[in-house]
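Overview (structure and organization)
In case you want the letters, here they are:
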Amino acid sequence: MKLASISRSRFPTRIAPVVGALACSTLLLAGCGGGGDDDSDRYPHADEPIGNVRQVYDGALTPDLSVNTFRNIDRLFPTRTIKASSSPYPLPRAATQLTDVKFTAGGRNYDMYDYLSQNRISALLILKNGQIVNETYQYGNTEKTRWMSMSVAKSITTTLAAAAIKDGQLNLADKTTKYVPALIGSAYEDTTVRNIMMMASGVKWNETYTDPTSDRRQLLEAQIAQKPGSAMALMAKLPRIAPPGSVNNYSTGETQVMGEVVIGATKKHLADYLSEKIWSKFGMEADANWWLDSPDGNEIGGSGISATLRDYGRFGLFIANDGVINGQSILPAGWVDEATTPKQLTTGNFQNYGYMWWVSTTPQSMADKAFYATGIFGQNIYIDRPQKVVIVTWGAQSKPSGAAVISNAAFFDAVVNALK
């Protein structure tokens, strides 16, 4: 089933410029503002005090400072702009709004307001049939606010890989090193692009966000160093612990490799390619931005996109519509089904993480083959295609993981049921 189709006759493609200067004199300074002389175009949160990126991953920000920081992540690192469309895709408000849902999770009764408050949801967007049935902003956020994606970016990166496959520039069966020569001689030399897409390279990785010694935090330190090639230098040092394709191990480093694969295949920056293939063509209404590994360098494939609530919703609609824009398929035929269903490892086991999209596992969502992109601190894009529902949440939780009080899955199921 399709969501609202696009009737617009043309979508101008604009290639994003490079933002080459640091927003602050050091990556760890807080409270540095921005903006030019024309206040009408200034970002509304530009002068807020913010924390630093180590505090973010340590889960060591006060509630107010976390909100400020999460909507100003482009002040933590250099970014590249993802240019929007001059003709935004319309998101009309439905005649009837969804003002509440009631549901049970973990043996307790909740409603929408419990979910918003207890899970520290800073914004919520619910779309049904391509129309807004609920749009809620908290903590001073507005429709102009950009919010961090965290690992929602992973699903966007693999979607860009799919666009490159459609363009004939990339093949899942190819060796990773065909596109990323920096990994020649490393444990990644034996892996295919499909292995990377499944996070099943068999290369050792520790994703613990709050452990300064973990691989994830070492990747963050490489990003803080802002030296070209430092991320791939780190990945090239990792040892192999299992045959390729045999074990799924969640790894932000793997998505960094995936991003480098897309860059190597397309010879374009990820932000530019995202603007060219999706952001400008589908009709995103606001420029977004994407963290870089160094000034004028490559994007961070696994995180660092900052965009508006409605544009995350539009991305959900793009995926729900099978990647078709104005009758033109941007993704390979059947890609969304392939990318968002369980994948079989060489051991015969299945993983519920497709091509960097999570497969929803409640009985109701499994019946609809629903899936979602998710990121730490409470970021989600949930897509139920049979029911034509897209749900976007922004979270400002206290810790990277484990801080949600109420099950997201229970809330999403309740929303879908309320809209039937």
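Everything below is about the structure shown above.
Overview of the structure. Residues take numbers from 1 onward in each chain, read along the sequence in its written order. Note on the predicted model: pLDDT of at least 70 is required for a residue's local features to be given, and 80 or more for side-chain atom pairs to be given and counted; whole-chain, interface and lining totals, by contrast, use all residues. Where side-chain values are given, they derive from all heavy atoms of the structure, hydrogens and water being excluded.

Below, the discussion takes up helix H10 (residues 309–320). Spacing of three or four residues puts side chains on the same side of an α-helix, whose turn is 3.6 residues. Taking 1.5 Å per residue as the helical rise, H10 with its twelve residues ought to reach 16 Å, and the 17 Å between its terminal C-alpha atoms agrees with that figure. Residue burial is assigned from relative accessible area. The probe radius is 1.4 Å, only protein chains are included, and a residue is buried under 20% of its type maximum, exposed over 50%, and partly exposed in between. Secondary structure counts use DSSP, requiring at least four H or I residues in a row for a helix and at least two E residues in a row for a strand, with both numbered from the N terminus. Among the twelve residues in H10, eleven count as buried, and that is most of the element. Along H10, the residues that are buried comprise Leu-309, Asp-311, Tyr-312, Gly-313, Arg-314, Phe-315, Gly-316, Leu-317, Phe-318, Ile-319 and Ala-320. The first or second residue beyond H10 is Asp-322, which carries a positive phi of 60 degrees. Helix span is expected to be 1.5 Å times the residue number reduced by one.

Looking now at the side chain of Asn-141. Positionally, Asn-141 belongs in the loop between strand E5 (131–137) and strand E6 (147–148). A polar atom in the side chain of Asn-141 sits 2.7 Å from the side chain of Arg-71. Pairing of N or O atoms within 3.5 Å defines a polar contact, subject to two protein rules: one partner must be a possible hydrogen donor and the other a possible acceptor, and residues neighboring in sequence count only if both atoms are side-chain atoms. Polar side-chain contacts of Asn-141 include one of 3.3 Å to the backbone oxygen of Ser-122.

Residues belong to one nonpolar core when they are buried, are Ala, Val, Leu, Ile, Met, Phe, Trp, Tyr or Cys, and are joined through side-chain atoms within 4.5 Å. Core analysis: the biggest nonpolar cluster contains 102 residues, and Tyr-57, Leu-274, Phe-315, Phe-318, Ile-319, Leu-331 and Ile-381 have the highest contact counts within it. With eight residues, the top contributor of residues to this core is helix H4 (residues 152–166). Whether two residues touch is decided by their heavy atoms; if any such pair falls within 4.5 Å, the residues are in contact. Those residues in contact with Phe-315, other than ones at most four positions away along the chain, are Ile-156, Thr-159, Ile-278, Met-284, Trp-357 and Ile-381. Core analysis: the next-biggest nonpolar cluster, separate from the first, contains 25 residues, Val-101, Ala-105, Ile-121 and Val-415 among them.

This paragraph deals with the packing of helix H9 (residues 270–282) against H10. Viewed as axis vectors pointing N to C, H9 and H10 meet at an angle of 110 degrees, and their least axial separation amounts to 10 Å. Judged by the angle between their axes, H9 and H10 are roughly perpendicular. The residues of H10 that touch H9, namely those facing Ile-278, Trp-279 and Phe-282, are Asp-311, Arg-314, Phe-315, Leu-317 and Phe-318. The residue classification treats Ala, Val, Leu, Ile, Met, Phe, Trp, Tyr, Cys and Pro as nonpolar and Asp, Glu, Lys and Arg as charged. All others, Gly included, are polar. Of the residues belonging to the contact of H9 with H10, the class tally is six nonpolar, no polar and two charged. Throughout, an axis means a line fitted to C-alpha atoms (over the contacting stretch in the case of helices), and angles, computed between N-to-C directions, take values from 0 to 180 degrees. The cut-offs work like this: below 35 degrees is roughly parallel, past 145 is roughly antiparallel, 65 to 115 is roughly perpendicular, and the gaps in between are oblique.

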